[in-house]
Amino acid sequence: MTTPEEFNLRAWGLPDPAELAALAAGWFPEFAGAEPAARTAEATARTAAARPRAPADWEALAAGPGPSPEPPAYAPLVLPQDRAGSAAAGAYGPPPDPAARTGNTYKYSQIYVGSRSLEAIRADFPIFREQVNGRDLVWLDNAATTQRPRQVIDRLSRYYERENSNVHRGAHELAARSTDAYEDARGKAARFIGAPSADNIVFVRGATEGINLAAQAYVRPYLKPGDEIVLTMLEHHANIVPWQLVAGETGAVLRVAPIDRTGQIVLSEYGRLFNSRTRFAAITQVSNALGTVTPAAEMVQIAHSRGVRVLIDGAQSVSHLPVNVSALDADFFVFSGHKIFGPTGIGVLYGKSDVLEAARPYQGGGNMIADVTFERTVYRKAPAKFEAGTGNIADAVGLGAALDYVSAIGMENIAAWERELLRYAMKEMAGVPGLRLIGTAAEKASVFSFVLEGRGLEETGSYLNSRGIAVRAGHHCAQPVHRYFGLEGTVRPSLAFYNTPEEIDRLVRALYELA
Ligand code: PLP
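Residues numbered from 1 in each chain as written. Predicted model: local features only at pLDDT ≥ 70, side-chain atom pairs only at ≥ 80, totals over all residues. Heavy atoms only, no water.

1. Details of the overall build of the protein
Threshold: Only DSSP runs of H or I with at least four residues qualify as helices, and only runs of E with at least two residues qualify as strands; both kinds are numbered from the N terminus onward. Three exposure classes are used, based on accessible area relative to the maximum for each residue type with a 1.4 Å probe and protein chains only: buried under 20%, partly exposed in between, and exposed over 50%. Only heavy atoms matter for contacts: two residues are in contact if any of them lie within 4.5 Å across the pair. Areas reported as accessible are Shrake-Rupley estimates using a 1.4 Å probe. Residue values count occlusion only from the protein chains shown.
Helix and strand counts for the protein stand at 19 helices and 19 strands. The 515 residues of the protein split such that 55% are buried. Considering only contacts in the protein between residues 6 or more positions apart, those separated by 24 or more positions represent 71%. Taken as a whole, the protein presents about 21100 Å² of accessible surface, with 52% of it coming from carbon and sulfur.

What follows is the structure, encoded as structure tokens:
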């Protein structure tokens, strides 16, 4: 019988059990005086006894996912024009002959996301006028990065044409304009994620830097050898490696929450990972590899009930779901601007006031200080304490414009439209011969990863590219979860609200050709 821990260690390539046992020896102070060999033997026995009992289906899980599960039964896609009873009603569903799919089109000017037609929304994105390999671009690589609307591009231009200056430092007009624009963007970010105040928002380079900041500035100073950090099997490398770094530097260890065959967290097992040595937990809200929407609020509650603080990685959630960090009760929350239609090189770390106050500075320099002598420095309060040097002012302003853009459409409307698109995509793709969907959790957003029998990942990606369709093929910076499914990668189409059922049809048609 393979226990979850053994499986996780294997899948991860983390320290082997002997190494772990040696490390575990240090966890039991009562053995401190004993001979190393006796300590190791005792600690190994204690560690084995303390392991959580494996649920009945672990053996099967550890052996890999096995044959592809039955595709879930999806309700037929009901597009707005169907509801209105137009002539297009009933035009969907896989026709027996894939070639007949060319007739399966409709006018997306009739589809509304909130109060805006999809046609009008798409017209906001100049890149959709691009041709790739002689065809209209189909952008289904939104989990890697999203496209930018004219409103964001124009806002960046306006900043450089009319407001450009360093912030907080000058007594002149442009310093005031740029400071206003920068701080205004901070306020927009706070409102967008339901933070109590703009002071809870630290501008960073992106989700990756936000996680590194929390790990180094807040968690690391508290860690002692044998302390534990709880992660999940779903995490992106950005939410693994920073914790490995602080664990490696302090002698702390990582614990990994298991997932089930659909790619969802096993909540009952999650609670069992916490013990008196647990110091911190980090979880993704939406998996970039599988699209799983995790029960983040419940996981935070579990961690808090054990006195453990939690960071939520919102890189893949903010552009697809309404997010409220106060309702989630997250201690930290991170996201990247470029994944929500904003610029690259800018992102947000949200922190509760007390954790930001407790955290030490991440970097030192100008802007973050109240007073400096050669003997000591007095730091400013958060968020300035964490923003040493000149920040990415223009892109923060651009991020504010992106948040305005999606807010005007409405995140509830975006989530509802994407749910329909995802259901449509998964229903249509389930019919492609030899296609196996990876990640079939009931709560799922945006991503529909798959492997195609007899076709390599790169081969599939290249073929789709030859048809003008951009998808990601590979491990998507989430190797552990792929290996958990017995794979080294998948082909990953990922949606945003500007995608259309016609684009899904083009993808499915190309997959039929390839299959
Ligand atoms: N977390 C998740 C779930 C992601 O999908 C990504 C990027 O793909 C990141 C973190 C890192 O984001 P960035 O590269 O923008 O810092």
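Next comes the rest of the account.
2. Considerations on the sheet that holds strand S11 (residues 332-336)
Strand pairing in a sheet is mediated by backbone hydrogen bonds. Such pairs are either parallel or antiparallel. Which entries qualify depends on this criterion: The pairing criterion is simple: DSSP has to find at least two bridges between the two strands. The convention used is that axes are lines fitted to C-alpha atoms, helices contributing only their stretch in contact, and that angles between N-to-C directions extend from 0 to 180 degrees.
The strand order across the open sheet formed by seven strands is S6-S12-S11-S10-S9-S7-S8, and the pairing between neighbours is mixed. Of all the strands in the sheet, just strand S6 (201-204) and strand S8 (253-257) have a single pairing partner and so form its edges. Taking the axes of each pair of neighbouring strands and ignoring which way they run, one obtains an average angle of 20 degrees across the sheet. In this structure, S11 lies alongside strand S12 (residues 347-351), joined through five bridges in antiparallel fashion. Its bridge partner being in S12, Val 334 is matched across the sheet by Leu 349. Relative to the sheet, helix H8 (residues 173-192) contacts S6 and S12, its axis offset from that of S6 by approximately 115 degrees. With respect to the sheet, helix H10 (residues 241-250) is in contact with strand S7 (228-232), S8, strand S9 (278-284) and strand S10 (309-313), its orientation differing from that of S8 by roughly 145 degrees.

3. A short note on the side chain of Asn 499
As a reminder, the rule being used: What qualifies as a polar contact is a pair of N or O atoms within 3.5 Å, subject to a donor-acceptor requirement within protein and to the restriction that residues adjacent in sequence count only when both atoms come from side chains.
By the secondary structure assignment, Asn 499 is in the loop between strand S19 (490-492) and helix H19 (501-514). The class for Asn 499 is buried, based on a relative accessible area of 0%. There is a polar contact of 3.1 Å between the side chain of Asn 499 and the side chain of Asn 142. One polar contact links the side chain of Asn 499 to the main-chain amide nitrogen of Ala 496, over a distance of 2.8 Å. In this structure Asn 499 touches Leu 118, Arg 122, Trp 139, Leu 140, Asn 142, Trp 417, Leu 421 and Ser 494, once residues within four positions along its chain are discounted.

4. Quick look at the pattern of salt bridges
Inclusion rule: Salt bridges, as used here, are contacts in which a Lys or Arg side-chain nitrogen is within 4 Å of a carboxyl oxygen on Asp or Glu.
Per the stated rule, a full pass over the model turns up 27 salt bridges. We note a salt bridge from Arg 255 to Glu 228, for which the minimum N-O separation is 3.2 Å. In this pair, Arg 255 sits in strand S8 while Glu 228 sits in strand S7, placing the two residues 27 residues apart along the sequence. We classify Arg 255 as buried; its relative accessible area is 14%. Using a relative accessible area of 0% as the deciding quantity, one classes Glu 228 as buried. Measuring nitrogen to oxygen at the nearest pair gives 2.9 Å for the salt bridge that ties Arg 483 to Glu 488. The network of salt bridges with shared partners includes Arg 309, Asp 329, Asp 331, Lys 352 and Asp 354.

5. Side note on the confidence of the model for the protein
Our working rule: Residue-level confidence of the predictor, termed pLDDT, takes values from 0 up to 100.
Here the protein averages 84 in pLDDT, and 79% of its residues register 70 or above. Across residues 1-40, where pLDDT falls below 50, the model places 59 contacts with residues more than four positions away in sequence or in other chains.

6. Side note on the site of the ligand
Selection rule: Residue proximity to a molecule or strand is established when one non-hydrogen atom of the residue lies within 4 Å of it. Polarity classes work like this: nonpolar for Ala, Val, Leu, Ile, Met, Phe, Trp, Tyr, Cys and Pro, charged for Asp, Glu, Lys and Arg, and polar for all others, with Gly in that last group.
Within the structure, the ligand sits among 13 residues, and Thr 208, Asp 313, Ser 336, His 338 and Lys 339 are positioned closest to it. Here an oxygen atom of the ligand and a side-chain polar atom of Thr 208 are 2.6 Å apart. Contacts to the ligand include Ser 336, whose side-chain N or O atom sits 2.7 Å from an oxygen atom. Protein burial of the ligand: of its 390 Å² of free accessible surface, 85% is covered by the chains. Along the lines of polarity and charge, the residues of the shell around the ligand split into three nonpolar, eight polar and two charged.

7. A short note on the packing of helix H17 (residues 457-466) against H19
Selection criterion: If an angle is under 35 degrees, it is roughly parallel; if it is over 145, roughly antiparallel; if it lies from 65 to 115, roughly perpendicular; otherwise it is oblique. A clockwise turn of the near helix away from the far one marks a right-handed crossing, whereas an anticlockwise turn of less than a right angle marks a left-handed crossing.
Taken N-terminus to C-terminus, the directions of H17 and H19 make an angle of 125 degrees; their axes are 10 Å apart at the nearest point. The orientation of H17 relative to H19 falls into the category oblique. With respect to the hand of their crossing, H17 and H19 are arranged in right-handed fashion. Contacts between H17 and H19 pair Thr 460, Tyr 463 and Leu 464 from the former with Leu 507, Ala 510, Leu 511, Glu 513 and Leu 514 from the latter. Grouping the amino acids of the contact of H17 with H19 by side-chain chemistry returns six nonpolar, one polar and one charged.

8. A few points about helix H15 (residues 393-409)
Since there are 3.6 residues in each turn of an α-helix, residues three or four apart along the chain are aligned in direction. Under the convention used in this document: A helix's residues, less one, multiplied by 1.5 Å, set its expected span.
The end-to-end C-alpha distance of H15 is 25 Å, a good match for the 24 Å that 17 residues give at a rise of 1.5 Å each. Summarising burial for H15: 14 of the 17 residues are buried, a large majority. Following H15 by one or two positions, Gly 410 has its phi on the positive side, about 100 degrees.

9. Some remarks on the environment of His 320
Topologically, His 320 is positioned in the loop between S10 and helix H13 (325-328). Look at His 320 and you get buried, because its relative accessible area is 4%. Taking the C-alpha atoms as reference points, His 320 and Val 286, 34 residues apart in sequence, are found 9.2 Å from one another. For His 320, the contacting residues outside a window of four places in its chain are Met 411, Ala 415, Glu 418, Ala 445, Ser 446 and Leu 495. Engagement of the side chain of His 320 in a polar contact is seen with the side chain of Ser 446, the distance being 3.4 Å.

10. Considerations on the packing of aromatic side chains
This is how the line gets drawn: Working definition: a ring pair exists when centres of Phe, Tyr or Trp rings (six-membered ring for Trp) sit within 6.5 Å. Plane angles under 30 degrees give stacked, over 60 give edge-to-face, the rest tilted.
Summed over the entire model, instances satisfying the criterion amount to 20 aromatic pairs. Ring centres of Phe 125 and Tyr 498 lie 4.8 Å apart, and the angle between their planes is 70 degrees; this geometry places the pair in the edge-to-face category. In this pair, Phe 125 is assigned in the loop between helix H6 (118-123) and strand S3 (131-132) and Tyr 498 in the loop between S19 and H19, connecting sequence segments 373 residues apart. When sorted by exposure, Phe 125 lands in the same class as Tyr 498, which is buried. Considering the side-chain rings of Phe 128 and Tyr 498, the 4.9 Å spacing of their centres and the 75 degrees angle between planes classify their relative orientation as edge-to-face.

11. Brief notes about H8
With 20 residues, H8 should reach 28 Å at 1.5 Å per residue; the first-to-last C-alpha distance of 28 Å fits that figure. Turning to H8, its buried residues are Ala 175, Ser 178, Thr 179, Ala 181, Tyr 182, Ala 185, Arg 186, Gly 187, Ala 189, Ala 190 and Phe 192. At its buried positions, H8 is contacted by helix H7 (150-163), S6, S12, H15 and helix H16 (411-429).

12. What to know about unusual backbone geometry
Going from Ala 382 to Pro 383, the amide bond is cis rather than trans, its omega being 5 degrees. The phi dihedral of Phe 341 is positive, around 70 degrees, even though this residue is not glycine. If you trace the backbone, Phe 341 turns up in the loop between S11 and S12. You can call Phe 341 buried: its relative accessible area is 0%. Positive phi, close to 80 degrees, is recorded for Asn 367, a residue that is not glycine. Positionally, Asn 367 belongs in the loop between helix H14 (353-358) and strand S13 (369-372).

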